[in-house]
Amino acid sequence: MPPSPPGVPAVPTNPVSVSAGAAEAVTGPGSPGAVDPAGGAAPATSRANAGWLVLAGMLLVALNLRAAVTSLGALLDEVRVGLALSGTMAGFVTTLPTIAFAALGAATPWLVRRFSPARLLVVAMIALTVGQVLRALTGSALVFLITSALALAGIAVANILLPMLVKQHFPHRTGLVTGAYTMALTVGTTVAAAAAVPVAHAFGSWRAGLGVWAGLAALAVLPWLPAALRSRTTVRRDGTSRRVVRPGRTRLGWAMAVYFGAQSLSGYSIMGWLAQMFRDAGFHPQDAGLLLAGVTALGVPIALLMPTLAGRLGSLRPLVFGLTAASSLAYLGLAFAPRGGAVVWVVLLAFGQGAFPLILATIGLRARTADGTVALSAFAQSTGYVIAASGPLLVGILHDVTGGWLAPIGFLLAALAVQTCAGVLIARPRYIEDEP
């Protein structure tokens, strides 16, 4: 990470100091493991334990960030039949995540200014737990939509908070910690997609395949609960007011949003249509599903590697262009030789989808403060998900109109070009707080 510019106080590099800051932010002033405002310090062991508790809590939250989405995707046919959903309603269900992430993510900075992150995460994970339980129990299509929206609201808030928590508690390990929680997110995504159907079959109902993930969300509440019960709304001790960062008024903020949106558009399109591409190329449905799962599985180590590299490089251009090259080759392969080189295209797609952990790491790298990070995270993700929502729909329309995959893949290549241009703009080290 580049050094702080002149006039900006440098964050202490002593690991004990970082742990102390993490402990105070999690437990609140005057709590065990926090730094005494009068100048005394709690034992180093307590501060280190608090830092580990933050990391464990973040990883548990990350495991939940896509499980509710991918488990529903795996069981959508069963849910559609069980609740008598119309085609329009089923289509709305698949679009609901991006709508919720965009709308509710934008409200998170307002919430952060009024409540502690620990309290917000407790409420978010409780909403996710309750939403998943209720939607698994209901027999009403309308109630299913409402409770799904409740669950997704919890995910939307957590999406925005995690980059801020990385910046706040691990300022000198931004890439490594972002990689760790992104890897946890990827693992949760993969396991939920793979296990939802077997769990449903084991219990004889799709409801079990959806509801079981509520237990994982409830578990994510526990590390944050003690701090949430102790913490108060944060105030600045120096008597100054927080500067409101407005990424939507800056070139950097929009470049981040476009990059996030373009890579998400690609990711959701691949999740929704890649298996069908392989089936149309002559693969059996089971093999096509395995190839799709391969993209996610190979993404686990990439999720750890990409943010780590981003944190060590001065400029992100090599990563931006490398990801573009991998995705371009994969798309061209899918267009002209989908069967002969399927495994190669899957590997290249998995590498190209490393744009997701890259942009998450970049959010922390392009802000100096936790306030700046949460503002940039909210704007980039909420605006980006609005962009991404159109991806799977347009891919489907182009496929229906043309009867093939050349036009949809051409659309994805055009989106990739936009992503690359935005990537060049965010590659140079600078801070959102400095943008005019």
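Everything in this summary refers to the structure shown in the same document. Bear in mind the structure is a predicted one, so any value in this text is a computation, not a measurement. (Residues numbered from 1 in each chain as written. Predicted model: local features only at pLDDT ≥ 70, side-chain atom pairs only at ≥ 80, totals over all residues. Heavy atoms only, no water.)

For the protein, the helix and strand inventory stands at 20 helices and zero strands. Counting all 436 residues of the protein, 52% fall into the buried class. Entry remark: accessible area of the protein is about 18200 Å², with carbon and sulfur atoms responsible for 69%. (Helix = DSSP H or I, 4+ residues; strand = E, 2+ residues; numbered from the N terminus. Buried < 20%, exposed > 50% of the residue type's maximum accessible area, 1.4 Å probe, protein only. Areas by Shrake-Rupley, 256 points an atom, 1.4 Å probe, with all protein chains shown as cover.)

On to the packing of helix 19 (residues 390-402) against helix 20 (residues 406-427). Two numbers describe how helix 19 lies on helix 20: the axes approach to 7 Å, and their chain directions differ by 150°. As the angle between them shows, helix 19 and helix 20 are arranged roughly antiparallel. In this structure, helix 19 uses Gly 391, Leu 394, Val 395, Leu 398, His 399 and Thr 402 to contact helix 20, whose residues at the interface are Ala 407, Pro 408, Phe 411 and Leu 412. Residue composition of the contact of helix 19 with helix 20, grouped by class: seven nonpolar, three polar and no charged. (Axes fitted to C-alpha atoms, helices over the stretch in contact; angles between N-to-C directions. Parallel < 35°, antiparallel > 145°, perpendicular 65-115°, else oblique. Contact = heavy atoms within 4.5 Å. Nonpolar A, V, L, I, M, F, W, Y, C, P; charged D, E, K, R; others polar.)

As enumerated under the stated definition, the model contains eight aromatic pairs in all. Seen from their ring centres, Phe 144 and Trp 206 are 6.4 Å apart, and the 75° between their planes marks the pair as edge-to-face. With Phe 144 in helix 8 (residues 141-169) and Trp 206 in helix 10 (residues 206-211), the pair connects residues that are 62 residues apart, well separated along the chain. Each member of the aromatic cluster is reached from another via a ring pair, and the members are Phe 101, Phe 260, Tyr 268, Phe 356 and Tyr 385. (Phe/Tyr/Trp six-rings, centres within 6.5 Å; stacked < 30°, edge-to-face > 60°.)

Another aspect to go through is the nonpolar core. Counting 117 residues, the largest nonpolar core has Met 58, Val 61, Val 79, Trp 224, Phe 278 and Leu 358 as its most contacted members. It is helix 8 that provides the largest number of residues to this core, a total of 15 residues. In contact with Trp 224, other than residues within four places in its own chain, are Val 54, Gly 57, Met 58, Val 61, Ala 118, Leu 121, Val 122 and Leu 165. (Core = buried A, V, L, I, M, F, W, Y, C linked by side-chain atoms within 4.5 Å.)

Turning our eyes to something else, we now look at the pattern of salt bridges. For side chains bearing opposite charge, pairing can occur when the charged atoms are close. Under the counting rule described, the total for this entry stands at two salt bridges. In this structure, Asp 434 engages Arg 368 in a salt bridge whose closest nitrogen and oxygen atoms are separated by 2.8 Å. Highlighted residues: Asp 434 in the segment after helix 20 and Arg 368 in the loop between helix 17 (355-365) and helix 18 (370-388), separated in sequence by 66 residues. Classification of Arg 368 by relative accessible area gives partly exposed; the value is 22%. (Salt bridge = Lys/Arg side-chain N within 4 Å of Asp/Glu carboxyl O.)

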